[in-house]
Amino acid sequence: MEEAVKEIIDENQEYVINMGPQHPSTHGVLRLVVSLKGEIVKNVEPHIGYVHRGIEKMCESITYPQIIHLTDRMDYLSAHINNEAVCLNVEKALEIEIPERVKVIRTIMAELTRIQSHQLFWATFGMDLGGLTCFFYGLRDREKVMDIFEETCGGRLLLSYNCPGGLMYDLHPNFQKRVKEFIKYFRKTLPEYDQLLTGNVIFRERTTGIGRLSLNDAISHGITGPVGRASGFSCDVRKYEPYSAYDRVKFNEVLFDDGDTFHRYLVRMEEMKESMNIIDQLIDNIPEGQYAVKMKPVIRLPEGEYYQRVETPRGELGVYIISDGNKNPYRVKFRSPNFVNLSVLNMITKGFKIADLVAISGSLDLIIPDIDR
Amino acid sequence: MDKIQLGELIKSFDKDIEIRNGKQFTEVTVPPLKLYHLARLLKDNKETSFDFLFCLTGVDYGQDLGVVYHLRSTKLNHSLVLKTRTSDRENPRFDSVADIWRTAEFNEREVFDLLGVRFSNHPDLRRFFLSSSYGFPLRKDFVDDVNVVTKK
């Protein structure tokens, strides 16, 4: 008995708790085994694989158009951009020139996807830190984007709007009108987000200076997306390797140097404004023409290796296809941004309090099905 | 530096290196024993300075098992594909590059989990997604006779 008591009050002993797999702030089935000394985090060890579906293995036995529907299920908040990555890779391998109309529509849809993903980030990040109102505000505005998606392609979350050679079907006649309405509406409501959360003293105290990631660590860990850009790593694929219509629009790459939780949040807030600017430049200039080029019924890629990267709301998604000339690929690898971003969690959380772990993992904006694939 | 100059520079590092100019990237093939040395050189040499490992893939080529490293230099903005392969399917082993590019730590664990390739000097090589009794599903000869139903 005495020994047991002694063990409990032994200050040097670490104590281990499980966060997840069913924890509201991990946004999915991520299990973090956290070693604590008092309230201070000593070590965070992620345990993953709870939604591992073996997508890479499944891809080896299905055809290229079928793969597109599987990529929806990886990062479900950027379904359109995941589809685009596979389509661009197939089109590059077959050396198909796709119509200008398709490029512009894909870009607009991708930016709408980015806005709704960041809206959901803002909503859940606020909720993780105790501001439940954020969740209602965020979802209220996100609903408007989802309605546009639903009218365009029938799906709200898993769009599958792209296919090799173009799009599944043409735009809905209301599309331009509704997107313009949404931009006008969101320009008015975005300042509410700042009033509610960005300037809040409690929020600032809980995020500023917490979980700092240096530029060198970001590059060495392969961090991309808003997390990398908050640390000053210029890693926007839309800038350094433009695809679709990004080479003809003007926008700024949002960069900060601090690399703390607050600046990771701020990058996303600024990116929503940049996305609206991009849509503004394109929405009135959608070229007329075909919405898809006619493809052969069975798509076979020439033998070789193809890599295509795109910028999802969470970073660089790479699709690496090795083809042996058959109708299904020999090997497909998805370079998922979330898997890589997770690797930095342990390093930047060490030394902070357990409540900060929620703020830091929230600011990484992890989507678990994309980690597990 | 264009792709051909880059290829020539890397060729001068070691005589065992094979260079192929692909459509998108310069491809470099190196024997497993010289992998770590070359990786270190590619990172530290001022003219190459590949500091960003953006994709690490394990591939089963049928006879061989291999690992593919996609590298980019954030300063000089050029890219490279580094490949290595071994014919030992029983006990495949490569040197870990986790101390050169920290991102390799997670990625190599994934390759070990799905392909059964071991990495020497890796700080924490354990299964990641699957349980330890499960086979290595990304190998071409993997058969899952519990969950997969085949038509007869």
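Predicted model, so just to flag it, every value in this text is computed and none were measured.

Cut-offs and rules
Residues numbered from 1 in each chain as written. Chains lettered and ligands numbered in written order. Predicted model: local features only at pLDDT ≥ 70, side-chain atom pairs only at ≥ 80, totals over all residues. Helix = DSSP H or I, 4+ residues; strand = E, 2+ residues; numbered from the N terminus. Buried ≥ 20, exposed ≤ 12 C-beta atoms within 10 Å, placed from the backbone. Rg over C-alpha atoms; globule rule 2.2 N^0.38 Å. Contact = placed C-beta atoms within 7 Å. Pairing = 2+ DSSP bridges. Axes fitted to C-alpha atoms, helices over the stretch in contact; angles between N-to-C directions. pLDDT = per-residue confidence, 0-100. Parallel < 35°, antiparallel > 145°, perpendicular 65-115°, else oblique. Left-handed = near helix turned anticlockwise from the far one by under 90°. Nonpolar A, V, L, I, M, F, W, Y, C, P; charged D, E, K, R; others polar.

Engineer: Looking at this model, I keep getting lost on the overall build of chain B. Mind explaining?
Structural biologist: In terms of helices and strands, chain B carries three helices and seven strands. Along chain B, helices (α) and strands (β) appear in the sequence α-β-β-α-β-β-β-β-α-β when read from the amino end. Here the C-alpha coordinates of chain B stretch approximately 55 × 35 × 25 Å along the principal axes. Across the 152 residues in chain B, those meeting the buried criterion constitute 38%.

Engineer: Where do I start with the overall build of chain A in this structure?
Structural biologist: Tallying secondary structure elements over chain A gives 16 helices and eight strands in all. Since a compact globule built from 373 residues should have a radius of gyration of about 21 Å, the 22 Å found for chain A is in line with a globular shape. Across its three principal axes, chain A shows a C-alpha extent of roughly 80 × 50 × 35 Å. Looking at chain A as a whole, 47% of its 373 residues are labelled buried. Long-range pairs, those at least 24 residues apart, make up 70% of the contacts in chain A between residues at least 6 apart in sequence.

Engineer: Sorry, what's going on with the sheet that holds strand 6 (residues 304-312) of chain A here?
Structural biologist: Backbone hydrogen bonds hold the strands of a sheet together, and the pairing may be parallel or antiparallel. Residues and elements named next belong to chain A. Within the open sheet, the three strands sit side by side as 6-7-8. Their pairing is antiparallel. Every other strand in the sheet has two partners, leaving strand 6 and strand 8 (331-335) as the edge strands with one partner each. Adjacent strand axes in the sheet meet at a mean angle of 10 degrees when their direction is disregarded. Strand direction decides the pairing type here: strand 6 and strand 7 (residues 315-323), joined by nine bridges, are antiparallel. Across the sheet, residue Thr 312 finds its bridge partner in strand 7, namely Gly 315. Set on the sheet, helix 4 (residues 79-94) makes contact with strand 6 and strand 7; between it and strand 6 the angle comes to about 145 degrees.

Engineer: Which parts of the structure should I look at to understand the sheet that holds strand 3 (residues 52-60) of chain B?
Structural biologist: All names here are of chain B. In space, the five strands of this open sheet follow the order 1-2-5-4-3, with mixed pairing throughout. Unpaired on one side and paired on the other, strand 1 (18-21) and strand 3 mark the two borders of the sheet. Between one strand axis and the next, the sheet turns by 20 degrees as a mean value, whatever way the strands run. Judged from the eight bridges that link them, strand 3 and strand 4 (residues 65-72) form a sheet pairing that is antiparallel. When the sheet's bridge partners are listed, Leu 53 is paired in strand 4 with Leu 71. Along the sheet face, helix 1 (residues 3-11) touches strand 1 and strand 2 (26-29) and points at about 175 degrees away from the line of strand 1.

Engineer: Just to check I follow, could you spell out the confidence of the model for chain B for this structure?
Structural biologist: As a note on interpretation, predicted positions should not be read in detail where pLDDT is low. Looking at chain B as a whole, the pLDDT averages 84, with 97% of positions reaching at least 70. On the interface metric, ipTM, the complex scores 0.88, and its pTM is 0.87.

Engineer: Help me understand the packing of helix 7 (residues 175-198) of chain A against helix 12 (residues 261-283) of chain A in this model?
Structural biologist: In a pair of packed helices, the angle between the axes and the distance between the axes together describe the arrangement. Residues and elements named next belong to chain A. Interaxial distance between helix 7 and helix 12 falls to 11 Å at its minimum, and their mutual angle equals 165 degrees. In terms of their interaxial angle, helix 7 and helix 12 are classed as roughly antiparallel. Taken as a pair, helix 7 and helix 12 cross one another with a handedness that is left-handed. Here helix 7 contributes Gln 176, Val 179, Lys 180, Ile 183, Phe 186, Arg 187, Leu 190, Tyr 193 and Thr 198 to the contact with helix 12, which in turn contributes Met 269, Met 272, Met 276, Ile 279, Asp 280 and Ile 283. Looking at the contact of helix 7 with helix 12 residue by residue, the classes come out as ten nonpolar, two polar and three charged.

Engineer: Would you take a moment to explain the environment of A:Leu301 for this structure?
Structural biologist: Residues and elements named next belong to chain A. Position of Leu 301 relative to the elements: it lies in the loop between helix 12 and strand 6. Leu 301 gets classed as buried once you count the C-beta atoms within 10 Å, which come to 24. Considered as a pair, Leu 301 and Leu 317 are 16 residues apart in the sequence and their alpha carbons are 21 Å apart. Look past the residues within four positions of Leu 301 in its chain and what remains in contact with it is Val 90, Ala 93, Leu 94, Ile 321 and Ser 323.

Engineer: Just to check I follow, could you spell out the interface of chain B and chain A for this structure?
Structural biologist: As a measure of interface size, the accessible area lost when the parts come together is often cited. The interface is formed by 21 residues belonging to chain B together with 23 residues belonging to chain A. It is strand 3 of chain B that provides the largest number of residues to the side of chain B that touches chain A, a total of six residues. Here the residues of the side of chain B that touches chain A are counted per class, giving twelve nonpolar, six polar and three charged.

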